[in-house]
Structures are given as C-alpha cells and as structure tokens.
Amino acid sequence: MKKVFLCEYIHPDAYAFLKAHAEVIREWDRLSEAEALINRNLNISNEVMERAKSLRVIGIHGTGVDDVDMEAAKRHGIQVFSVPHLNSRSVAEMNVALMLALGRKIVQADRRLTGRGQNGRGEDLMAELQGMELYGRVLGLIGVGDISRQTADICRKGFGMQVIGWSRHLTEEKARAMTMTYASSMTEVLKKADVVAVGVALTPETRHLLGKEQFGQMKPEAILINTTRGAVLDEQALYESLAGGAIGGAACDVFADEPVSASHPLLALDNFIATPHLGANTEEALKRVGMAVVQGVLERLDIQR
C-alpha cells in the first residue's frame, strides 16, 4: 500500500477513507517512507522535504500554501495542492461571530462577571459594556475572495449592513456584481468602514499589509477582524493602536506565530479578542475539506478506489 504521512487531526470519516486505501504513517521517524503528506498547520520546510525522501505529494488541508516552502517543493519534484473554498462558510460565520462579540462586548462582559467577580447591573458596569448594533453599519472588506463575499452576504442580508470592498483585482463592474460598493483604494475602505474584515492570502506583498499608518486611517470606534493569516497585520502596530485608542477593538483568529504565546502583548488588552485558529474548525467544514484532501492525495498517488 502507498504510505501517507499524517500527524494532525482530520475528520474521522476522512481518516477512515484514507486508512482504507493507504497505510497511514504518524511517526516522525518514519517520515522518509511517506509518498504523500497531508498538512494542516505544520511548517513544511526544505529540511522536512529532505527527510521525506520518498515524498511525491503534499496535500493542504485548506486553502493557503504559505506553510510550505514552494521553491523547495519544486526542486524536490513534489506536487503541492490545496482544496480551496470548502471551509469558506465556516470562516465567514466566524467573522460574523467575532463582529458580534466585539460589537456587544461579550468577552469583556464575561471577563467582568467570571474573572473579576463583578455582577449585577451597576451603572458603571452598564456604561463600560455599552455596545453597538451592526444594523446599518458599514462593513469594509480588505480582499474580496470567497470568505469575504460570504461574510458580506450574511452581514447585508442579516444585519442590513452596507458593504464596501477593495482588492488589487477588484473593478467597479465586479463590485456591482457582488452587490458591494467599489473602493478605489484600501484607504477608502479604512476611512469609511465601521467594521473592517481582512481576507487576503499571505504573500510577500501582503505581509504587514496593515500597520500603524493603516490603523490610523480607521475610525476611532471601528473594529477589525482577521481570520486569514496573522502576518497580514503588523501585530506590534495593532497593539499600540488598540492600547492608545486609535481603534475601538480587534479580534484575531490567526497570529504570525502559532500557537500564540500566552505572553503576547495583544492578549493583555481588554479590547482584543483572540481565538486559536478556529475559523474552519466546524464539523461540516472539516468533513468537506478532509474528504477532498484525502481524495486529492489518493488520485495523485494513482490509487484506484
């Protein structure tokens, strides 16, 4: 049987399907035997590929390939593929969940009641936890891929939000087809939006796409959501902007270094919400993505099913 390296969790149905058609290797000392590797969050470097002497295929459990050294893969003759869009709905719903949590100060309220022992409906507490409605607000999209479009659809239909979008490839005609207002620059989105949702892939051009200058262009009460890749934001600049009151709040499901350290300065801020890369971590998305990546690996290994 063909041998596939898997050291991270995939949906049980996908795992069973893989195990029925290939030998699953989970021990790092057997990496050299693997002809294929399924990757979720590992850093697949040139060193890893050199150890995996039989490797022919790397299947990405999701969309982004930034965790793989693509130049090294090319040199080693390893085919890399991903299964995009299958987790988009789950991530879009995560965007909306984080908007609501920030807008209604859900996490702050929980911290007050459970972490600091306060309770009741005191006037000071009510004033501190005063939130905002999403209805009629402006959602600004930085990047207008599938996740952003589904986020916009939920916000427009569910909350009556206005949507303005920008990407390097967006045109006025495409924006009209997506039922959103076209922005000619990222700055225009940042200045007009009450909620900014980041949805761009991590590339050399998008690393630290948003930093001190961009945060300074946002409304002081605006909130920022990032569920794409942590390094798209300058995290130090985000910390300074939040701590100094330049923007109202932010929520990140992703960080430049994961898992995020408990000592990360952002985690100490009351107007910041952190989650551990849970955007696509739903039963439905895991099954769709898991089955697709397993099928893709088996097809590329020429296994008849």
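Scroll up to find the structure.
Quick look at the structure, then. The structure presented is a predicted model; accordingly, all values stated were derived computationally and were not measured.

Another aspect to go through is the pairing of strand 10 (residues 223–226). Both faces of strand 10 are covered, namely the face carrying Ile 223 and Ile 225 and the face carrying Leu 224 and Asn 226. Taken together, the four bridges between strand 9 (residues 195–198) and strand 10 define a ladder with parallel strand orientation. Residue pairing in the sheet places Ala 197 in a bridge with Ile 225 of strand 10. Bridge count for strand 10 against strand 11 (residues 249–252) is four bridges, and the pairing is parallel. In the strand pairing of strand 11, Ile 225 is matched with Ala 251. Taking the sense of rotation as the criterion, the β-α-β connection linking strand 10, helix 11 (residues 235–243) and strand 11 turns out right-handed.

Axis separation between helix 1 (residues 12–21) and helix 12 (residues 283–300) bottoms out at 8 Å; the angle between their running directions is 15 degrees. In this view, helix 1 runs roughly parallel relative to helix 12, as classed from their interaxial angle. By crossing handedness, the relation of helix 1 to helix 12 is classed as right-handed. Contact residues: Asp 13, Ala 14, Phe 17, Leu 18 and His 21 in helix 1; Lys 287, Gly 290, Met 291, Val 294, Gln 295 and Leu 298 in helix 12. Each residue belonging to the contact of helix 1 with helix 12 can be placed in one class, and the counts come to six nonpolar, three polar and two charged.

Side chains of strand 3 (residues 36–39) alternate between two faces, with Ala 36 and Ile 38 and Leu 37 and Asn 39 buried alike. Two elements, strand 1 (residues 3–5) and strand 3, share two bridges in a ladder whose sense is parallel. In the sheet register, Phe 5 faces strand 3, and the bridge partner there is Leu 37.

Moving on: the sheet that holds strand 8 (residues 181–182). The strand order 8-7-6-9-10-11-12 describes an open sheet built from seven strands, whose pairing is parallel. Each edge of the open sheet is held by one strand with a lone partner, namely strand 8 and strand 12 (272–274). Across the sheet, helix 4 (residues 88–103) is in contact with strand 6 (138–142), strand 9, strand 10, strand 11 and strand 12; its angle to strand 10 comes to roughly 150 degrees.

Right, let's get into helix 7 (residues 146–159). A rise of 1.5 Å per residue sets the reference length of helix 7, with its 14 residues, at 20 Å; its end C-alpha atoms lie 19 Å apart and thus fit the reference within 8%. The set of residues buried in helix 7 consists of Asp 146, Ser 148, Thr 151, Ala 152, Ile 154 and Cys 155. Buried residues along helix 7 sit against helix 4, strand 6 and strand 7 (162–166). With its phi angle positive at about 65 degrees, Gly 160 sits one or two positions after the end of helix 7.

The subject of this paragraph is the packing of helix 4 against helix 7. With their axes 8 Å apart at the nearest point, helix 4 and helix 7 run at an angle of 50 degrees to one another. With respect to each other, helix 4 and helix 7 are oriented oblique. Two packed elements cross with a definite hand, and for helix 4 against helix 7 that hand is right-handed. Judged by residue contacts, Ser 88, Arg 89, Val 91, Ala 92, Glu 93, Asn 95, Val 96, Met 99 and Leu 100 of helix 4 engage Asp 146, Ile 147, Gln 150, Thr 151, Ile 154, Cys 155 and Phe 159 from helix 7. For the contact of helix 4 with helix 7, a count of residues per class yields nine nonpolar, four polar and three charged.

Cut-offs and rules
- Residues numbered from 1 in each chain as written.
- Predicted model: local features only at pLDDT ≥ 70, side-chain atom pairs only at ≥ 80, totals over all residues.
- Heavy atoms only, no water.
- Buried < 20%, exposed > 50% of the residue type's maximum accessible area, 1.4 Å probe, protein only.
- Helix = DSSP H or I, 4+ residues; strand = E, 2+ residues; numbered from the N terminus.
- Pairing = 2+ DSSP bridges.
- Right-handed = clockwise from strand over helix to strand, strands pointing away.
- Axes fitted to C-alpha atoms, helices over the stretch in contact; angles between N-to-C directions.
- Parallel < 35°, antiparallel > 145°, perpendicular 65-115°, else oblique.
- Left-handed = near helix turned anticlockwise from the far one by under 90°.
- Contact = heavy atoms within 4.5 Å.
- Nonpolar A, V, L, I, M, F, W, Y, C, P; charged D, E, K, R; others polar.
- Expected span 1.5 Å × (residues − 1).

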